[in-house]
Structures are given as structure tokens and as C-alpha cells.
Amino acid sequence: MDKGTLVEFRPGSDRRLGIVDRPDGKTRWFVVDERGQSHSLAPRQITYTVTGQTYKPSQIPAFLDEVKPYLDPSSLEVAWELLVEGGEIVTPTEMANILYSESQPPQCYAAYCLLSDDKIYFKQKGDAYEPRNAAQVAERKHQIEVEALKARGQQEFLARVEQALAGVEVEWQRPDRHRLEALEKYASLLADVVRVGLSYDALARAYPPPAPVLETMTMLGRPATPQGAFQLLVDLGWWSPNENLFLRRSSIPVQFPSKVLEVAQQRLNSPQQDKDAADRLDLTSLKVYTIDDESTTEIDDGLSWELLPDGKERLWVHIADPTRLLMPEDELDLEARKRGSTVYLPTGMIPMFPEVLATGPMSLVQGCVCYALSFGVILDSTGAVEDYSIHASIIKPTYRLTYEDVDEMLELGVQAEPEMTAIATWSKKRQQWRYAQGAISINMPEAMIKVKDDKISIDVLDDSSSRQLVAEMMILAGEVAARYGRTHNIPLPFRGQPQPELPPDEELLLLPAGFVRACAMRRCMPKSEMSITPVRHAGLGLDTYTQATSPIRRYSDLLTHFQLKAHLRGEVLPFSAEQLKEVMISVSTITQEVTMVERQTNRYWALEYLRRHPDEAWETTVLMWLREDSNLALIMLEDLGLQLPMFFKRGVTLGEQLLVKVSHADPHKDMIQFQEVIYQEAQTVGN
């Protein structure tokens, strides 16, 4: 090339013009731009050469001014229409003649600029350009329109994000929701920090962001990590800082499908014909007590007592009868099966059935005539079952009581309610009988955590007389249901527990009495098992047992009701042994996940509660060693009923009581650290 030749080169993506000055070695050239800066360029870096005359660097701005009037991209469409039919290939010079009827350097360069920037009508072929066919042009236009819409959507999304970050209430659009839902899914991976024990860095490496998440986070200048996605959702007000990631990471459905809700409303408005109508036992004359926590809305059990003409006493355990409103394999049944059980979380519950049914016609509502499955039981003087019967029934609950109400009634010995006193007396005999059969009682405080309006409360559930009473009556109904199944060879979801190998008495006696001893026994208790045939439940001291008392809240109990009620009517059982086994396996998998989510969520809120009370000193008992060689023990915060790990900096003994404070808590990472409060500091705290 001659000195003074005007060339285009592109450092990066920018167009630049420069003047050839001199060779740089055998193949490269020094080119000077309009600012006087020199560039060493290889031939491949030179994208266009202006021919016909030479220039000086100072003339570049004037040349560009001559080019500008010709840079009208719309003119290419006219040229394309002329050339497309013949498929003629054109050079920039030929295009200049077509567009401008002249081919001076400014027009030729303008034609080149239009052709090289064009994404619709022409494609480059060497130094020339070929017109695309009509179909290709149409597709290109469509793609550009889509990209323009996408770019506009991104800008509008960014504007709404800025508003949300500024605290302005935003009405998110459907495309926004798709973006945010992708972020939700990715941010939910943070649950694996607790579930699998991954660090934040390891989590980000294991799960690179999917394309929509990467695009959104890059567009907003945020780190494209699960933690970054979580923080963005919180900053936008889309999520709470305490969003339940365990629930989101699970397969537990939170909302009911619209079809299920429609069916629930239909059943509410027009209940199915009651198959048991002719055989229902009318027990509305009995006084019926329902006993639950104050917050309970699904009331599925009630208790009665009656004195028989022969002087014997009969206990009644009435269980809600949801099967009246559904059939095996219908929409409500399959949805309940998919859920496995009602999910109880500190922030509220996720019911197994739609609430319009679960808290309405399925529940035993005070003062209303209700449908039930009633277990009538006569116990002998030792507390063993002497006789029993099971009936589809109608009842009318008399009292809706809390556990505290019943404790007070029993303590005061209310004479107006002799039925309650009688039920309590029989429950104690029943408990003594089970102990005589080898039942094992392990009493540990249990924390009940509630969260409302971001305020956390923790109450300790003591093993009160009322709770023992209700528990005994539920166990009694479970034994009776299982005995009926065993007698009539009915496949049921029987529950059993292998005999535990407890430490020898001399070894237990070496441990401090109370919580430490109970904790040591608890470690030896094997998991309960499910079977379609009767099996002994060692922990309860029963030869056969099934759960039948929560059919609104546990699907396995609902299965028991389906089977028992069909047999009572003399019908073919809805589930054969093999069918029942198959359903039980799937439901068991689901309920295990529910239990895990409940446990993880409770622990999260327990740690969050402690994080918010860093100055509180907690009375603590050392329960057991987790790693004695590392001084890691399990402690119990007695006022909260919480059991948590703690590293000790000194030697401690099991059963030792001390005061601790929280030194660090991070519920998202499932981390809690305590420090012991020295005696002098404890006195200061006490004062």
C-alpha cells in the first residue's frame, strides 16, 4: 500500500480510520489515526481500503463528514429488491453506484459501512456481498423484532427492579415473573448448605447458574450465585429474609390445583350419598369432648364416656370421618395421597385436604352434628381391652377444650364433668397396663415454635395430664383398629417397632436421672416400621397397632379408614394387600420428606430466635456426648426445650447444669455457637 492510503481498521469492535505511514517489517504497516496515534497493523486487521486518492490524518474528520449523509440503512432495502431476484453479488463500489449513482471514495465507503453493518438483506462473500433470499430476510426481520422486544422488556424489567429496590410497590409482569421464578429455583439451592453440608462456594461450583439466571444477574450487576439470587429476591421484596428454602427445595405442594379446589367446593355444596347412612350409630346423646391446642383448626378426634346398664363403663374415641366426602382414587384422595400429611411449620400449616373441607365438614365441630368413626371400648380392671366395637356414627361435640382447660378441670376435680374424670382415670389404668406389657416411656421437653408477623415464640410442651390422657385414648383406638384388622384379616398400614436393646440397669443408674437417662434410652430406640400385616410395637407395649386417629391430617390413617369402613359395610376392600403395600411405600417416601422439612424449618427458626437474643443467658443441661474427644456435647436449653450442640473449652460432666449465651448464630448456614457464662457474669445477668 502507498503512503497516504486511507484504511479502516477495528481495534476491538470499533471502526477506526487511519492513514498508511510506512511498513513495519515485511508484512505489517504503521497506520496513523486522526489523533496522531500510530498503530502497527497486520493485513488481516485492515477491513477496508479507500482507493482513488491519498489523505493526511488531519483530513479524516472531513472525510467522515462527507460520508455521513449517505448512511441511510433503509436505502439497502431498495437495492435488495433490485438484486434479490437475480441473486447478483455486488462490491461496495457497485452498491455505491446503485444507491448514489456515483462511486467516489465517500460514497464507496458509505456503501461498505451499510453492507458490513447490515444484518438483514446481505451477507458477505469475500470482498463482495450477496443478497439473502426472501425467506431469509423475513426470518432475519422476525429475529430482530424479537430481539428488540426482548431488549425493551429488559429495559422495562430493569426500571421495575430499580423501583422495587427503592421501596416502591411494583406490579410485576408475566415475563418478570418467569425471571423471578427462575431466580427462586436457583436460590432455593441454598437449602443444600444445610441438607448436604456444602459451603456457599462449593454450592456455586456444583450448580452453575442456568442461562436465564445468568442473564438476569449479569444485567443487574449481581453475582450469579445461589446466595446472590437469594439476596436479590429479598432486596426486591419478593422473598422474606427468612424464606423457607427447605420447603421450596422439597417436592411438597403448597397450593391446591384449581381442579381439586373445584371438587372440594362441589363436595361442600353437594355431599356425596353417605354409604353408611343406614348403619350409622346415633351417638348424639353422648357428651363429647374435643381436646387440642388452641391454634388447631382440623379437629379430628373426640372422647366420650358412658355408664352401661350392667354397671360397666365404656370409653368412646370418635374420629372424624373424611371418607364420607371422597372415594379411593378420586381427585381429593389422589391429592391427599400426593401430600402424605398435613405439614406443620412455625409459620403455619399446609393442609392435606383443602381447608374448606378440612376445617369444615370433615372436622368435629362443637355444637354441630358430625360424622365419625367411633371406637367403643370396655377395659378390664387392669386396663386391658375386654370388649370393643367400631361403628360409623353421628355425634354432636359438646365441648371444644384446650389441653390447659382439661388440666385445670382435672386439677380442680370439676364435679359437673364426671365423664372427664372417668376418662382420666381409665387413661392412667391404660398407661399402667401398657407399662406392664413392656411399653417404654421417654419424656423429653418438646419445643413448639410459632412465628407470626415475624415475631417468634417458643413454648415448651410438657407431658401434662391432659396430653397423656389424649395420647392414651389415641393409642387405645389404634390398638382396637389393628385388632379388628387382625381378627378379620384386613390389610392395614400396621405400625410396629422392634424391641430396643436398652443399656443395662446398672449402666443407666450411673447416669444422672431425668433428661440424661432419657436421652441415653432414646438413642437406643429403633425406628418404627410399617407393614401390611400385624407386628408388635415394642415402644407402646402392644402386640398390634395402627394409626387411625388423624385421617384429615395423615394419609396412612385415611387408608385405615377406607379399609375398615368397607369391611364394616360388607363390601370388597378398596385396597388389596399388594395395592396397599404399593401405596404405603409411596406415601412413606413423601411423609419422610415432610418430616425432614418440618424438622429443618423448626431448627431454622430456633436458631433465628437465639440469634435475636444474644444477651440472654440460658439455663442448660449437658445431655450427652456427640464427640467426647473434641468436647462436643448435646445440651438442652431447658426454658425453650431446644437440644443443640456445643463445644466446651473445659471438662464437663453429663447432667451438669450451667448458663450459656449465644456467641454466634447463622440459621441459613445451620450454625450455632455458645459460650459459657461465668458465675460472676451470671449474677450480673440475674440482677
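Conventions we followed
Residues numbered from 1 in each chain as written. Predicted model: local features only at pLDDT ≥ 70, side-chain atom pairs only at ≥ 80, totals over all residues. Heavy atoms only, no water. Core = buried A, V, L, I, M, F, W, Y, C linked by side-chain atoms within 4.5 Å. Buried < 20%, exposed > 50% of the residue type's maximum accessible area, 1.4 Å probe, protein only. Helix = DSSP H or I, 4+ residues; strand = E, 2+ residues; numbered from the N terminus. Pairing = 2+ DSSP bridges. Axes fitted to C-alpha atoms, helices over the stretch in contact; angles between N-to-C directions. Parallel < 35°, antiparallel > 145°, perpendicular 65-115°, else oblique. Left-handed = near helix turned anticlockwise from the far one by under 90°. Contact = heavy atoms within 4.5 Å. Nonpolar A, V, L, I, M, F, W, Y, C, P; charged D, E, K, R; others polar. UniProt positions renumbered as here; feature names shortened; annotations may be inferred. Patch = residues over 30% accessible without salt bridge, like charges linked within 9 Å, V, L, I, M, F, W, Y side chains within 5 Å. Areas by Shrake-Rupley, 256 points an atom, 1.4 Å probe, with all protein chains shown as cover. Salt bridge = Lys/Arg side-chain N within 4 Å of Asp/Glu carboxyl O. Expected span 1.5 Å × (residues − 1). Lys, Arg positive; Asp, Glu negative; His and termini not counted. Charge placed at Lys NZ, Arg CZ, Asp CG, Glu CD. pLDDT = per-residue confidence, 0-100.

Q: Describe the nonpolar core, naming the residues involved and giving the relevant values.
A: Counting residues in each nonpolar core, the largest one holds 63 residues, and the members touching the most others are Trp172, Leu183, Leu610, Trp618, Leu640, Phe648 and Phe674. With 8 residues, the top contributor of residues to this core is helix α21 (residues 577-611). Core analysis: the second largest hydrophobic core is formed by 37 residues, Val377, Ala424, Val470 and Ala481 among them.

Q: Explain the pairing of strand β9 (residues 289-292) to me, using residue names and the numbers behind them.
A: Because side chains alternate across β9, one face comprises the buried residues Tyr289 and Ile291, and the other comprises Thr290 and Asp292, equally buried. In the sheet, β9 pairs with strand β16 (residues 399-402) via 4 bridges, with the strands oriented parallel. Along β16, the bridge assignment pairs Asp292 with Thr402.

Q: A description of the packing of helix α1 (residues 60-67) against helix α4 (residues 105-117) should follow, citing residues and the corresponding values.
A: Two quantities define a packed helix pair, namely the angle between the helix axes and the distance between the axes. With their axes 8 Å apart at the nearest point, α1 and α4 run at an angle of 70° to one another. Judged on the interaxial angle alone, α4 and α1 are roughly perpendicular. Along this stretch, α1 crosses α4, giving a crossing that reads as right-handed. Contacts from Phe63, Leu64, Glu66 and Val67 in α1 reach Pro105, Pro106, Tyr109 and Ala110 in α4. Partitioning the contact of α1 with α4 into residue classes produces 7 nonpolar, no polar and 1 charged.

Q: Account for the sheet that holds strand β5 (residues 46-50), naming residues and giving values.
A: As summarised here, the arrangement of the 5 strands in space is β4-β3-β2-β1-β5, forming an open sheet in which the pairing is antiparallel. Either end of the sheet is taken by a strand with one partner, and the two such strands are β4 (38-41) and β5. Going across the sheet, the axis of each strand differs from the next one's by a mean of 40°, ignoring polarity. With respect to the sheet, α4 is in contact with β1 (6-9), β2 (16-24) and β5, its orientation differing from that of β5 by roughly 155°.

Q: Tell me about the UniProt feature "domain: RNB" (unreviewed entry) in the protein chain, residues and numbers included.
A: The UniProt record annotates "domain: RNB" (unreviewed entry) at residues 280-570. Across residues 280-570, helical content stands at 33% and strand content at 25%; the span's end C-alpha atoms are separated by 14 Å.

Q: How would you sum up a nonpolar patch on the surface? Please name residues and give values.
A: Taken together, the side chains of Val78, Leu82 and Ile98 define a hydrophobic patch exposed on the protein surface, amounting to about 270 Å² of accessible area. With respect to the secondary-structure elements, Leu82 resides in helix α2 (residues 75-83).

Q: Report on the pattern of salt bridges, specifying residues and quantitative values.
A: Any two side chains of opposite charge can pair, given that their charged atoms come close. Applying the stated criterion to the full structure yields 45 salt bridges. Linking Glu243 and Arg248 is a salt bridge whose minimum nitrogen-to-oxygen distance equals 2.9 Å. Look at Arg248 and you get partly exposed, because its relative accessible area is 36%. Taking the shortest distance from any N to any O, the salt bridge between Glu335 and Arg339 comes out at 2.8 Å. Within this pair, Glu335 and its partner Arg339 are both found in helix α13 (residues 331-339), separated by 4 residues, close to a single helical turn. Each of Asp274, Asp276, Arg280, Asp321, Lys565, Arg569 and Glu571 takes part in one network of salt bridges that share partners.

Q: Help me get a handle on helix α20 (residues 555-569), residues and values and all.
A: An α-helical turn contains 3.6 residues, so any two residues separated by three or four positions project in the same direction. For α20, spanning 15 residues, the distance from its first C-alpha to its last is 21 Å, which sits close to the expected 21 Å at 1.5 Å a residue. Across the 15 residues of α20, 12 count as buried, placing the element largely inside the fold. Within α20 the residues assigned to the buried category are Tyr555, Ser556, Asp557, Leu558, Leu559, Thr560, His561, Phe562, Gln563, Leu564, Lys565 and Ala566. Positioned one or two residues after α20, Gly570 has a phi angle of 80°, which is positive.

Q: Quick one: what's the story with the side chain of Asp292, residue by residue and with numbers?
A: Among the secondary structure elements, Asp292 is positioned in strand β9. Despite its burial, Asp292 remains without a salt bridge, the nearest opposite charge being carried by Arg553 at 4.2 Å. Excluding residues within four positions of it along the chain, Asp292 makes contact with Ile299, Arg400, Leu401, Thr402, Tyr403 and Arg553.

Q: Now, about the sheet that holds strand β23 (residues 642-647): what can you tell me, with residues and values included?
A: Here 5 strands make up an open sheet; going across it, the order is β23-β22-β21-β24-β25 and the pairing antiparallel. Each having just a single partner strand, β23 and β25 (671-676) make up the two edges of the open sheet. Recorded for the sheet is a direction-independent mean angle of 45° between the axes of neighbouring strands. In this sheet, β25 lies alongside strand β24 (residues 657-666) in antiparallel orientation, the contact comprising 6 bridges. Following the sheet pairing, Val662 is matched in β25 by Phe674. Sitting on the sheet, helix α19 (residues 515-524) touches β21 (618-627), β22 (632-637) and β23, and the angle it makes with β21 is about 35°.

Q: I'd love a proper account of a negative patch on the surface, names of residues and values included.
A: A contiguous patch of negative charge on the surface is contributed by Glu294, Glu404, Asp405, Glu408, Glu411 and Asp459. With 4 residues, helix α15 (residues 403-412) is the largest single contributor of residues to the negative patch.

Q: Provide a residue-level description of the confidence of the model for the protein chain, including the pertinent values.
A: In this model, the protein chain carries an average pLDDT of 93, and 99% of its residues clear a pLDDT of 70 or more. Residue range residues 682-687 is modelled with pLDDT below 50. Its contacts to residues more than four positions away, or to other chains, number 4 contacts.

Q: Could you give me a rundown of the side chain of Gln563, with the residues and numbers involved?
A: Within the secondary structure, Gln563 is located in helix α20. Using a relative accessible area of 0% as the deciding quantity, one classes Gln563 as buried.

Q: How would you sum up the packing of helix α6 (residues 174-187) against helix α9 (residues 211-219)? Please name residues and give values.
A: Packing of α6 against α9 brings their axes to within 9 Å, and their N-to-C directions diverge by 105°. Comparing the axis directions of α6 and α9 gives the class roughly perpendicular. Residues Arg179, Ala182, Leu183 and Tyr186 of α6 touch α9, and the partners they reach there are Pro212, Val213, Glu215, Thr216, Met217 and Met219. By residue class, the composition of the contact of α6 with α9 is 7 nonpolar, 1 polar and 2 charged.

Q: I'd like to hear about the environment of Leu540, residue by residue, with values.
A: Inspection of the secondary structure puts Leu540 in the loop between β20 (529-531) and α20. Note on Leu540: relative accessible area 15%, which makes it buried. Every residue in contact with Leu540, bar those within four places of it in the chain, is listed here: Arg434, Ala439, Ile475 and Tyr545.

Q: So what's going on with unusual backbone geometry? Residues and values would help.
A: Unlike most non-glycine residues, Glu329 shows phi in positive territory, near 80°. Position of Glu329 relative to the elements: it lies in the loop between β11 (313-320) and α13. Owing to a relative accessible area of 46%, Glu329 belongs among the partly exposed residues under this scheme. Positive phi values are uncommon outside glycine, yet Asp454 reaches one of about 65°. Here Asp454 lies in the loop between β17 (446-452) and β18 (455-461).

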